[in-house]
Amino acid sequence: MSAEASVGSHAASSAQCTVSQPPQHNSDEHRNQGLLGSKYVKLNVGGSLHYTTVQTLSKEDSLLRSICNGGTEVTIDSEGWVVLDRCGRHFGLVLNFLRDGSVPLPEDHRELDEVLKEAQYYRVQGLVQHCLSAMQKQKDVFESVCHIPMITSAKEEQKMISTCRKPVVKLQNNRGNNKYSYTSNSDDNLLKNIELFDKLVLRFNGRVLFVKDVLGDEICCWSFYGEGRKIAEVCCTSIVYATEKKQTKVEFPEARIFEETLNILIYENSRVLGSLHLLDARGSGSSLGAGHSEEEGAVGGDRRVRRIHVRRHIMHDERGHGQQTVYKD
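Residues numbered from 1 in each chain as written. Predicted model: local features only at pLDDT ≥ 70, side-chain atom pairs only at ≥ 80, totals over all residues. Heavy atoms only, no water.

Scanning the protein from terminus to terminus reveals ten helices and 15 strands. Per-residue burial for the protein yields a buried fraction of 37% across its 329 residues. Total accessible area computed for the protein in this model is approximately 20400 Å², and 50% of it derives from carbon and sulfur atoms. (Helix = DSSP H or I, 4+ residues; strand = E, 2+ residues; numbered from the N terminus. Buried < 20%, exposed > 50% of the residue type's maximum accessible area, 1.4 Å probe, protein only. Areas by Shrake-Rupley, 256 points an atom, 1.4 Å probe, with all protein chains shown as cover.)

Okay, here's the thing in structure tokens:
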């Protein structure tokens, strides 16, 4: 009886092992095929909960499709949430791209790079290409934007001009210098000079360094530099007399300013030999238009600075007959 009991006990334990093992196998099978039998999927991405469909996740040949068809092992918690160990900040954007085929991307470059990293991890190639295209557009825009450094002293400005390898155009303006009253057209002409400066910045961006200086005493004066030294200067202001009153007159010599800007492009490639000779050859013989030119010797041998002032203004003093006419720049 003891032998039979022993045999019976062994048979019972074998049967118990046989019974206990299949449920464990069925649990693994359910874990691997749970998403295949489901229409909806609950995703827990780094604590961010999302509810979507298997059809949405399977739209592209991505890691998410592989999770749905059982090709990639995933962790499912006791409540049926598929747990993904990723930051869930941009996962909603990934889902929206799978749903619609396109999605608005963040304008901030850092956030856009984060979206790209998530798209690459989930292998959503459509979103990857979308991010790369947006980054290229941002790069093209950034390349055309002017970078404006803040200069806080005249010494810092001189150092920047002397060390810059590009030609330099500087507009010195100081509207606050109201030592004398202004003529009726001075304000308009001053604004026109400033607007021309902004237009030249956009047109010659990358080829010429533009400096706007409001530290000096000049009301409106253009300076042109090449290889760290001043090549030409166009002064747009003069003092005139009218009815016992001094007035500051601001001119707008647009053609002269544009011409001098083109002239300093000779210094764009400062390493090219012979550029100085070309400039010196045409410096003294160039047409001065309606302006008056005075050449003054500059430091460095025979190098000269072309100082161009607007036409001298001659106005008669109306205080009485026989008084002398006053000539002022």
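We are not done yet, so read on.
Throughout the structure, instances matching the rule amount to twelve salt bridges. Notably, a salt bridge pairs E268 with R207, separated by 2.8 Å at the nearest N-O pair. Taken together, the residues E268 in the loop between α9 (254-263) and α10 (275-283) and R207 in the loop between α8 (186-203) and β7 (209-213) connect sequence positions 61 residues apart. Classification of R207 as partly exposed rests on a relative accessible area of 35%. Close ionic contact of R256 with E260 constitutes a salt bridge, the shortest N to O distance being 3.1 Å. Highlighted residues: R256 and E260, both in helix α9, separated by four residues, approximately one helical turn. The class for E260 is buried, based on a relative accessible area of 1%. Among the ionic contacts, a cluster of salt bridges with common partners joins R89, E111 and E114. (Salt bridge = Lys/Arg side-chain N within 4 Å of Asp/Glu carboxyl O.)

Below, the discussion takes up the packing of α8 against α9. Running from N to C, α8 and α9 point in directions that differ by 30°, and their axes come no closer than 11 Å. One finds that α8 runs roughly parallel with respect to α9. Between α8 and α9 lies a crossing whose hand is right-handed. Note on element contacts: α9 touches α8 through E254, I257, F258 and T261, opposite N193, L196, L200 and R203. The residue inventory of the contact of α8 with α9, partitioned by class, reads four nonpolar, two polar and two charged. (Axes fitted to C-alpha atoms, helices over the stretch in contact; angles between N-to-C directions. Parallel < 35°, antiparallel > 145°, perpendicular 65-115°, else oblique. Left-handed = near helix turned anticlockwise from the far one by under 90°. Contact = heavy atoms within 4.5 Å. Nonpolar A, V, L, I, M, F, W, Y, C, P; charged D, E, K, R; others polar.)

For the rest of this paragraph, the subject is the packing of aromatic side chains. By the definition in use, this model includes six aromatic pairs. With a centroid separation of 5.7 Å and an interplanar angle of 10°, the aromatic rings of Y40 and Y51 are classed as stacked. Of this pair, Y40 sits in strand β1 (residues 40-45) while Y51 is found in strand β2 (residues 48-53), placing the two residues eleven residues apart along the sequence. Measuring from ring centre to ring centre gives 5.7 Å for F197 and F210, while their planes differ by 85°; the resulting arrangement is edge-to-face. Of this pair, F197 sits in helix α8 while F210 sits in strand β7; the two residues are 13 residues apart in sequence, bridging distant segments of the chain. Taken as a pair, F197 and F210 share a single burial class, namely buried. (Phe/Tyr/Trp six-rings, centres within 6.5 Å; stacked < 30°, edge-to-face > 60°.)

As a further point, take the nonpolar core. Residues L64, L105, Y122 and L127 are the most contacted members of the largest nonpolar core, which totals 31 residues. Elements with a minimum of two residues in this core: β1, α2 (54-57), α3 (63-68), β4 (82-84), α4 (91-100), α5 (109-122) and α6 (125-144). Discounting residues that sit within four places of it in the chain, Y122 has contacts with V45, S62, L63, L64, L84, R86 and F91. If you look at the next biggest cluster of nonpolar residues, it comprises 22 residues, including Y182, C220, F224 and V234. (Core = buried A, V, L, I, M, F, W, Y, C linked by side-chain atoms within 4.5 Å.)

With respect to the element layout, H50 can be found in strand β2. The exposure class of H50 is buried, given its relative accessible area of 14%. Here the side chain of H50 touches S48 through a polar contact of 2.8 Å, side chain to side chain. Ignoring any residue separated from it by four or fewer positions in sequence, one finds H50 in contact with V41, K42, L43, V45, W81, G88, F91, G92 and L95. (Polar contact = N/O pair within 3.5 Å; in protein donor to acceptor, adjacent residues only side chain to side chain.)

Low-confidence regions, as indicated by low pLDDT, have predicted coordinates that should not be scrutinised in detail. When the pLDDT values of the protein are averaged, the result is 75; 66% of them are 70 or greater. In the model, residues 1-7 has pLDDT below 50 throughout and makes zero contacts with residues more than four positions away in sequence or in other chains. Note that residues 271-302 has pLDDT below 50 and, in this model, 46 contacts with residues that lie over four places away or in other chains. (pLDDT = per-residue confidence, 0-100.)

Another point: the sheet that holds strand β11 (residues 245-250). Pairing between the strands of a sheet comes from backbone hydrogen bonds, and it takes one of two forms, parallel or antiparallel. With mixed pairing, three strands are arranged side by side in an open sheet as β6-β11-β10. Lying at the two open borders of the sheet, with one neighbouring strand each, are β6 (181-182) and β10 (237-242). Pairing analysis gives six bridges linking β10 to β11, with the strands arranged antiparallel. Paired with T237 across the strands is V250, a residue of β11. (Pairing = 2+ DSSP bridges.)

This part covers the pairing of β7. Counting buried positions along β7 gives four out of five residues, so the element sits mostly inside the fold. With five bridges joining them, strand β5 (residues 168-173) and β7 adopt parallel strand pairing. Bridge pairing in β7 places L171 opposite K212.

Residue pairs three or four apart in sequence face the same way in an α-helix, which turns once every 3.6 residues. Across its 18 residues, α8 extends 26 Å between first and last C-alpha, which sits within 8% of the 26 Å expected from 1.5 Å per residue. Those residues of α8 not exposed but buried are S186, N189, L190, N193, L196, F197, L200 and V201. Across the axial projection of α8, the buried residues extend over an arc of 140°, all falling on one side. Exposed positions of α8 whose direction lies more than 90 degrees from the buried face are L191, K199, L202 and R203. (Expected span 1.5 Å × (residues − 1). Arc of directions from axis to C-beta.)

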